[in-house]
Amino acid sequence: MSLTDWLSPKRRRRKKILAKPFPQEWLAIIEKNVPYYRHLDPDEQDELQRHVQIFVAERHFIGCGGLDINDEIRVTIAAQACVLLLHRDREYRSSLKTIFVYPHHYIARGLQQTGDGLFLEGPSIRLGESWHRGPVVLSWDDVLKNAADVHDGHNVVFHEFAHQLDDENGSADGAPPLPKRSMYLAWARVLGHDYEQLVENVKHHHKTFIDAYGATNPAEFFAVASETFFEKPIQLRHKNPDLYEQLKICYNQDPAGREMRHKNHHENNN
């Protein structure tokens, strides 16, 4: 054990967690509830398992609305959240300690943006939300439904944990941590352009490839674009190539390339 490991309780604790084999019952849950797992390369699957072990051990899941938390809920959510961590040196900040899970969509009070750009305070139906320097809230029904279709471009776990990633810099503003500070200029140019384009298309009621909810603000645009990046990567690379490249840098992943490899492998074996 190095001096650094000896001085870091977190590293010692994580090393102990990872010394245990990945539970087979957890793997069965992932294979059943998270079909996206089958789209990962074998080394990515191994890496994801390690992230899930740490994620489940270090986060507290709380059931709301009468929902009893079990391993299926913990592992299903963790496996999707940890897709965003693959190949990244950084992790979600340690302040994310709690995940609240409702059995279905829930009603919460807050600000809602109207079509004319105004904000009204009132109750709204939520599938999930991410609090600044606080918890993540999710609807279990929607977690399962979104996970079942890996190509519909909608995944509430990807969305809310993209917000957590965005928030690592201190504010959820659509500018998550990037490998180098010099990269923010291109990031702002590309995402700013595509965000404004989406806003204009929504304003004029044009059909949009990226979900119209992304026109709410830059933070929501990043979260929605992240869902699209992971679930419709080939289409995004074709329709918004510059945006795809920026997200590829941010996540250090190439899901379009991964999907093409899997398609070619499947065709060659049939």
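Each value, and the rule that gives it
Residues numbered from 1 in each chain as written. Predicted model: local features only at pLDDT ≥ 70, side-chain atom pairs only at ≥ 80, totals over all residues. Heavy atoms only, no water. Phe/Tyr/Trp six-rings, centres within 6.5 Å; stacked < 30°, edge-to-face > 60°. Buried < 20%, exposed > 50% of the residue type's maximum accessible area, 1.4 Å probe, protein only. Lys NZ or Arg CZ within 6 Å of the ring centre and 35° of its normal. Axes fitted to C-alpha atoms, helices over the stretch in contact; angles between N-to-C directions. Helix = DSSP H or I, 4+ residues; strand = E, 2+ residues; numbered from the N terminus. Parallel < 35°, antiparallel > 145°, perpendicular 65-115°, else oblique. Left-handed = near helix turned anticlockwise from the far one by under 90°. Contact = heavy atoms within 4.5 Å. Nonpolar A, V, L, I, M, F, W, Y, C, P; charged D, E, K, R; others polar. Salt bridge = Lys/Arg side-chain N within 4 Å of Asp/Glu carboxyl O. Polar contact = N/O pair within 3.5 Å; in protein donor to acceptor, adjacent residues only side chain to side chain.

Visitor: Explain the packing of aromatic side chains here, please?
Guide: Throughout the structure, instances matching the rule amount to twelve aromatic pairs. For the ring pair Phe22 and Trp26, a centre distance of 5.8 Å and an interplane angle of 80° mean the geometry is edge-to-face. Residue classification places Phe22 among the buried residues on the basis of a relative accessible area of 11%. Connected via pairs of aromatic rings, a cluster forms that spans Tyr36, Phe158, Trp187, Phe222, Phe229, Phe230, Tyr244 and Tyr251. Above the face of the Phe55 ring, Arg59 is positioned so that its terminal group lies 4.8 Å from the ring centre. For the cation-ring pair, Lys239 lies above Phe209, with the distance from its terminal atom to the ring centre recorded as 5.6 Å.

Visitor: I keep staring at the packing of helix α5 (residues 71–81) against helix α6 (residues 140–148) and nothing clicks. Help me out?
Guide: Between two packed helices, the angle of one axis relative to the other and the distance separating the axes together describe the packing. In the contact formed by α5 and α6, the axes pass within 11 Å of each other and the chain directions differ by 50°. The orientation of α5 relative to α6 falls into the category oblique. Between α5 and α6 lies a crossing whose hand is left-handed. Residues Glu72, Ile73, Thr76, Ile77 and Gln80 of α5 form the contact with α6, whose participating residues are Trp140, Val143, Leu144 and Ala147. Broken down by class, the residue content of the contact of α5 with α6 amounts to six nonpolar, two polar and one charged.

Visitor: In this structure, what is going on with the pattern of salt bridges? I would like to understand it.
Guide: Between side chains of opposite charge, a pair can form as their charged atoms come close. Within this structure, the stated rule accounts for eight salt bridges. Salt-bridge contacts for Glu58 lead to Arg13; the nearest nitrogen and oxygen are separated by 3.6 Å. You can see Glu58 sitting in helix α4 (residues 42–58) and its partner Arg13 sitting in helix α2 (residues 9–18), a full 45 residues away along the chain. Residue classification places Arg13 among the partly exposed residues on the basis of a relative accessible area of 41%.

Visitor: Help me understand the side chain of Asp166, please; the structure alone is not making it clear to me.
Guide: Assignment of secondary structure puts Asp166 in helix α7 (residues 156–166). Polar contacts involving the side chain of Asp166 include one to the main-chain amide nitrogen of Gly174, which spans 2.7 Å. Once residues lying within four places of it in the same chain are set aside, the contact partners of Asp166 are Ser171, Ala172, Asp173, Gly174, Ala175, Pro176, Ala219 and Phe222.

Visitor: What is the right way to read unusual backbone geometry from this model?
Guide: Backbone geometry follows two general trends: most residues other than glycine have a negative phi, and most peptide bonds adopt the trans configuration. Backbone geometry places His205, a non-glycine residue, at a positive phi of 60°. Residue placement: His205 occurs in the loop between α8 (184–203) and α9 (218–231). Since its relative accessible area comes to 73%, His205 is described here as exposed. Residue Asn252 is not a glycine yet carries a positive backbone phi of 55°. You can see Asn252 is positioned in the loop between α11 (241–251) and α12 (255–268).

Visitor: It is not clear to me how the environment of Asp173 should be interpreted in this structure. Could you clarify?
Guide: Within the secondary structure layout, Asp173 lies in the loop between α7 and α8. When its relative accessible area of 41% is taken as the criterion, Asp173 is described as partly exposed. Separated by ten residues in sequence, Asp173 and His163 have C-alpha atoms that sit 9.0 Å apart. The contacts of Asp173, once residues within four sequence positions are left out, are Asp166, Pro218 and Ala219. For Asp173, the side chain forms a polar contact with the main-chain nitrogen of Ala175, separated by 3.0 Å.

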